[in-house]
Structure formats: structure tokens, C-alpha cells
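Close look at the chain arrangement
One letter stands for each residue in the lines below.
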Amino acid sequence: GDFVREAGSDVAAGDVVLADGTVLAPHHLAAAAACGVARVRVVARPRVAVLSTGAELVAPGEEPAAGQVFDANGAALAAAVRRAGGVVTTVARSGDDAGTFARLLADAAAGADLVLTSGGVSQGAYEVVKDVLGAGAGSGGPGGGVQFRSVAMQPGGPQGLGTVHGTPVLTFPGNPVSAQVSFVVLLRDVLEQASGRVAPRPPRRARVAEAGVSPAGKRQLLRGATGPDREVRVVGGPGSHLVASMARADVLVDVPADVTGWDAGTSMEVWEL
């Protein structure tokens, strides 16, 4: 038996080589090929179009005029979609003109399984997403069933859900922290499951290092950084514009709606970013 590799020493007849839900990597494909398997059934990755709205937005690297800001949502949401297993079909920006946004929306919906927008859903004078999608199919608009609601969480209160030209659409707020928190809370698990990643990401519990307060009746998602002692320290404060501060965070601290204050060392649920 020296220098002889026995049949079945690696895998035996009837063994499972690749389980359902496996995210395929090179070593998985090598195992399939070594077993003589030329084709495997896979889940099609969801195609997602990412649209940022607002006349104040300019692309990173451009020179902003007075009153303009860089578009953080396009880059962040596109990266989040890819990380969750989706394919980004479009990353585009629109100003506040309803006709321009409607055309961009129609093009995006035609080539995607989901359209994800940011901005234009609050209470301002120029809320282009609500203006276009709120019209509905009955009045000639593309909405056909988009509902806009205020969700009892902070950040990320203004939300919209429905279809556009038959394609599902989610409309997130425009503040960059609100958009990223909305993705984690409302879309990440759904998109990962649609991508074939069947294992959800459950929250874990951690001690919060400092005392704090939270508005009554709203679920607050604070940004936190985990220290070497496994305690979580809140970073950046609750403001939904503090996107650079969020770069220091690795978790969201989930403060329930019925909690208005807590002491240092309190155990809370945290969500991995």
C-alpha cells in the first residue's frame, strides 16, 4: 500500500461535497471539478440599481459649489449591495427635476431586480422621489403602489416601499448615516438571503461603556466601536450627517423604543456592520 492513494480516501460515494447556501470560492470549484462535476446550480445574484437624489450632490473628486456636498450614498450603498451578494447595475445621481428623475428611474428599473434610492423622501420643498413615485400609476406616474411612511427609528425615519414599472423599489433618506443604517436594518438580511446566503446575522449582546439617553417612542441605532475589553463605546453622536464619525464604528447599538436612558455598563444588542 505504500505510495498508493486509496479510492474514497478524499470523498466517498454519497458524501455531500458542497452544501446548499455555500458561497462559492475557488476551493469549492476545485472540489466540484475533482469530482467530475462540470456544472452546479447557483442562485442568481440580485441586480440592484442605486440612485442618489438632490441638486446639492456632486461626485467625490469634483469641485463643489457653495451649498453642495459630496455624494456619499452612491458609493456606500453600492458597496453594501456588493457585500451582501448583489450585483450593482447602476450608480447614478439625479437633481430635483421630476422629469429627469422619472427617466433615470425608468432606465434603472428596466435592468434591475430592485431599485434603491436615497434622498427626496422627507418633508422639504423639493422631495423628488416622493413627487414622482407618490403620483402612482392611476395618475400617470410610475409608482403603482409606493407607500411612504415615517418609521419609528432614528436615524432613518422617512421610508418608502413599493414598485416602479413593476420592479421593487426601496427609498431611503438622504442623510448618509440614515441611508447606511436603513440598509443594515431593512435590506441587508433580505438581500443576503436572496443571494443564497441562508445564515442570518443575529445580533450579539455587549456592554455599553457610557451612560446615555434616547428619545421616547423611537428605536435608536447608535454607532459604536468595540474595544479590546469587548465593551462598546458610542462614536460620533446621534446626528444622521456624521458620516466620517461612522467610519470608526464596527457595530450599531440597538436602543429599544421604550428605553429613554441607561447607565454605563448596560448590556444591549449590537449589530455588526
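See the structure printed just above.
In this text, all values refer to a predicted model and were calculated from it rather than measured experimentally.

Let's shift gears to the overall build of the protein chain. Each helix and strand counted, the protein chain has 6 helices and 16 strands in total. With the C-alpha coordinates of the protein chain rotated into their principal frame, the extents come out at 80 × 50 × 40 Å. Within the protein chain, contacts between residues separated by at least 24 positions form 61% of all contacts whose residues are at least 6 apart in sequence. For the protein chain, the exposed surface amounts to about 14,500 Å²; the carbon and sulfur share of it is 54%.

Before going further, it helps to examine the sheet that holds strand β1 (residues 47-53). Pairing in this open sheet of 6 strands is mixed, and the strands run β4-β1-β5-β9-β8-β6 from one edge to the other. Every other strand in the sheet has two partners, leaving β4 (87-94) and β6 (147-150) as the edge strands with one partner each. Taken pair by pair, the neighbouring strands of this sheet meet at an average axis angle of 15 degrees, ignoring direction. This element, helix α2 (residues 73-83), spans β1, β4, β5 (114-118) and β9 (167-172) of the sheet and lies at about 165 degrees to β1. On top of the sheet, helix α5 (residues 176-194) reaches β1, β5, β8 (158-164) and β9; it is set at about 150 degrees to β9, its chief contact.

Nonpolar side chains collect at one region of the surface, where Leu24, Leu29, Val37, Val40 and Val42 lie side by side and expose about 400 Å² of accessible area between them. When you line up the elements, Leu29 lands in helix α1 (residues 26-34). Owing to a relative accessible area of 46%, Leu29 belongs among the partly exposed residues under this scheme.

Taken N-terminus to C-terminus, the directions of α2 and α5 make an angle of 20 degrees; their axes are 10 Å apart at the nearest point. With respect to α5, the element α2 is oriented roughly parallel. As for how α2 packs across α5, the hand of that crossing is right-handed. Of the residues in α5, those touching α2 at Asn73, Ala76, Leu77, Ala80, Val81 and Arg83 are Pro176, Ala179, Gln180, Phe183, Leu191 and Glu192. Tallied by class, residues from the contact of α2 with α5 come to 8 nonpolar, 2 polar and 2 charged.

This next bit is on the pattern of salt bridges. One pass over the structure, following the stated rule, counts 6 salt bridges. Here Asp113 and Arg47 are joined by a salt bridge, their closest N and O atoms 2.9 Å apart. Note that Asp113 is positioned in the loop between α3 (98-110) and β5 and Arg47 in strand β1, a separation of 66 residues in sequence. One salt bridge in this structure joins Glu272 and Arg204, with 2.5 Å as the shortest N-O distance. Linking Glu272 in strand β16 (residues 267-272) with Arg204 in strand β10 (residues 204-207), this pair joins segments that are 68 residues apart in sequence. Three or more residues joined by partner-sharing salt bridges are found here, namely Arg207, Asp229, Glu231 and Arg233.

What counts, and at which threshold
Residues numbered from 1 in each chain as written. Predicted model: local features only at pLDDT ≥ 70, side-chain atom pairs only at ≥ 80, totals over all residues. Heavy atoms only, no water. Helix = DSSP H or I, 4+ residues; strand = E, 2+ residues; numbered from the N terminus. Contact = heavy atoms within 4.5 Å. Areas by Shrake-Rupley, 256 points an atom, 1.4 Å probe, with all protein chains shown as cover. Pairing = 2+ DSSP bridges. Axes fitted to C-alpha atoms, helices over the stretch in contact; angles between N-to-C directions. Patch = residues over 30% accessible without salt bridge, like charges linked within 9 Å, V, L, I, M, F, W, Y side chains within 5 Å. Salt bridge = Lys/Arg side-chain N within 4 Å of Asp/Glu carboxyl O. Buried < 20%, exposed > 50% of the residue type's maximum accessible area, 1.4 Å probe, protein only. Parallel < 35°, antiparallel > 145°, perpendicular 65-115°, else oblique. Left-handed = near helix turned anticlockwise from the far one by under 90°. Nonpolar A, V, L, I, M, F, W, Y, C, P; charged D, E, K, R; others polar.

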